[in-house]
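# Commentary on secondary and tertiary structure
This is what each chain is made of:
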Amino acid sequence: MKKQPKIALALGGGGARGCAHIGALKVLERENIRIDMIVGTSIGAVVGAIYADNPIALQLEEKFRRFLKSKEYKKSGLELFKRKEPAENFFGQVAKNIRQRLVVNLAQSKTSLVRRNRLQGVMDFLIPEGRIEDTKIPFYTVASNLLNGERVVFKDGDMRTIVGASASIPGFLPPYQFNGYLLVDGSVVCPMPVELAKEYGAEIVIAIDVGQKLNDNPKLDNVIDVIFQTQHMTARHYNLHLLEKADVVIRPDVGEVHWSEFKLLDYMIEEGEKVTEAAMPDIRNVIRAKSGWNNKLMTVVQKKIA
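Residues numbered from 1 in each chain as written. Predicted model: local features only at pLDDT ≥ 70, side-chain atom pairs only at ≥ 80, totals over all residues. Heavy atoms only, no water.

Moving on, we come to the packing of helix H1 (residues 20-30) against helix H2 (residues 43-53). Close contact between H1 and H2 brings their axes to 10 Å; oriented N to C, the two are set at 35°. As H1 runs across H2, the sense of the crossing is right-handed. Of the residues in H2, those touching H1 at His21, Ile22, Leu25 and Glu29 are Gly44, Val47 and Tyr51. Of the residues in the contact of H1 with H2, the class split is 4 nonpolar, 2 polar and 1 charged. (Axes fitted to C-alpha atoms, helices over the stretch in contact; angles between N-to-C directions. Helix = DSSP H or I, 4+ residues; strand = E, 2+ residues; numbered from the N terminus. Left-handed = near helix turned anticlockwise from the far one by under 90°. Contact = heavy atoms within 4.5 Å. Nonpolar A, V, L, I, M, F, W, Y, C, P; charged D, E, K, R; others polar.)

Structure (structure tokens):
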């Protein structure tokens, strides 16, 4: 009998652009692609945790719709960061808003713009109670340790705490002190957790990249703008390097959406659906190719019987 290879879904970071993950999941579910593992970073951890706990894409979509109408969303502070100009570096925009909104001494005395209780309200609304080792689909996530610059991988523990750490945007949200670590957004060191999926036994990795496009016509009016653009270049090249190890890369056309624009939920879900539908032939071809040894075995057995 044919045996489907172990398939992992690697969900990348990108703030609101991660809503495109929902569209991709809707198509994969509709096309009966069995997902054996989900690995997420940042917003990918948020979407991945919800779906791994309850793998019904329509209910995942409805939860995000309710979130956008909730008091938790209004209190989150995300509206403060609405884009006023073309999208730029994910973390650079945070730093730019810090520079615009806070005086120097205030910025030096705080580690974030938003208090932890606001993030906790978001996590309590979106993320189900429980532990990540108990999800229906095996789920792993990653955060970045400020103390040594290394990734911290989680395969067990309290879901809300761990996902909150993975999605803790530096400067916008405070670092998490957890088990001797000082944790921030997983995208800092692991924007696409493809390698992690392979380490945990995935034979096929479908990666969904919602990273920001590199602005090819940036405003470079000052030193800060130059620094942000070069940092974005470094991050983008690293992201592309990680994606080289994926079997299929799904890249929704959301790269120009600002990381805080969750109100564009419908657009991002549609883009996620569109590009995943286009990728289905590639996905099925990879599954067939990885199952090839089963086909060869069956051919040998049939010849012997004949």
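Read on for the rest.
Moving on: the pairing of strand S6 (residues 181-184). Looking at chain direction, strand S3 (residues 139-145) and S6 are connected through 2 bridges and run antiparallel. By the bridge assignment, Ser144 is partnered in S6 with Val184. Here 3 bridges tie strand S5 (residues 176-178) to S6, and the two strands are oriented antiparallel to one another. Counterpart to Tyr176 in the pairing with S6 is Leu183. Count of turn residues in the S5/S6 antiparallel hairpin: 2 residues, of which Asn179 carries a positive phi of about 50°. (Pairing = 2+ DSSP bridges.)

All right, on to the nonpolar core then. Leu9, Ile38, Val46, Phe64, Ile127, Val163 and Ile283 are the most contacted members of the largest nonpolar core, which totals 67 residues. If sequence neighbours within four positions are ignored, Ile127 has contacts with Val46, Ala49, Ile50, Met159, Arg160 and Val163. Ala8, Tyr140, Met192 and Val205 belong to the second largest nonpolar core, which has 18 residues in total. (Core = buried A, V, L, I, M, F, W, Y, C linked by side-chain atoms within 4.5 Å. Buried < 20%, exposed > 50% of the residue type's maximum accessible area, 1.4 Å probe, protein only.)

Attention now moves to the confidence of the model for the protein. Close inspection of predicted coordinates is inappropriate for parts of the model with low pLDDT. Taken over all residues, the pLDDT of the protein has a mean of 83, while the share at 70 or more is 74%. A low-confidence stretch, residues 84-88 stays under pLDDT 50, and its non-local contacts, those more than four residues away or across chains, total 9 contacts. (pLDDT = per-residue confidence, 0-100.)

The next point concerns the packing of aromatic side chains. Two numbers describe a pair of aromatic rings. These are the distance of the centres and the angle of the planes. Here the structure, examined in full by the defined rule, presents 4 aromatic pairs. Centroid distance Phe67 to Tyr73: 5.4 Å. Interplanar angle 80°. Geometry classified as edge-to-face. Under the relative-accessibility criterion, Phe67 is labelled buried at 2%. We classify Tyr73 as buried; its relative accessible area is 2%. Through pairs of rings, three or more aromatic residues link up here, namely Phe67, Tyr73 and Phe125. (Phe/Tyr/Trp six-rings, centres within 6.5 Å; stacked < 30°, edge-to-face > 60°.)

This part covers the pattern of salt bridges. Side chains that differ in charge, positive against negative, can pair when their charged atoms come close. Counted according to the given criterion, the structure contains 17 salt bridges. A salt bridge links Glu72 to Lys71; the shortest N-O distance between them is 3.2 Å. Taking the relative accessible area as the measure of exposure, Glu72 reaches 18% and is therefore buried. You can call Lys71 exposed: its relative accessible area is 52%. We note a salt bridge from Lys274 to Glu271, for which the minimum N-O separation is 3.1 Å. Of the two residues, Lys274 and Glu271 both sit in helix H11 (residues 265-290), 3 residues apart, roughly one turn of that helix. The structure contains a network of salt bridges with shared partners spanning Lys26, Arg30, Glu61, Arg65, Asp266, Glu273 and Glu277. (Salt bridge = Lys/Arg side-chain N within 4 Å of Asp/Glu carboxyl O.)

With respect to the helices, strands and loops of the structure, Gly48 is situated in helix H2. With a relative accessible area of 0%, Gly48 lands in the buried category. For the pair Gly48 and Gly12, spaced 36 residues apart in sequence, the C-alpha to C-alpha distance is 9.9 Å.

Among the 5 residues in strand S7 (residues 204-208), 5 count as buried, and that is most of the element. Neither face of S7 is left uncovered, since the one carrying Ile204, Ile206 and Ile208 and the one carrying Val205 and Ala207 both have all their residues buried. Both strand S1 (residues 7-11) and S7 contribute to a ladder of 5 bridges, which runs parallel. Bridge pairing in S7 links Ile7 to Ile204. One ladder, built from 3 bridges, connects S7 with strand S8 (residues 248-250); its direction is parallel. In the strand pairing of S8, Ile208 is matched with Ile250.

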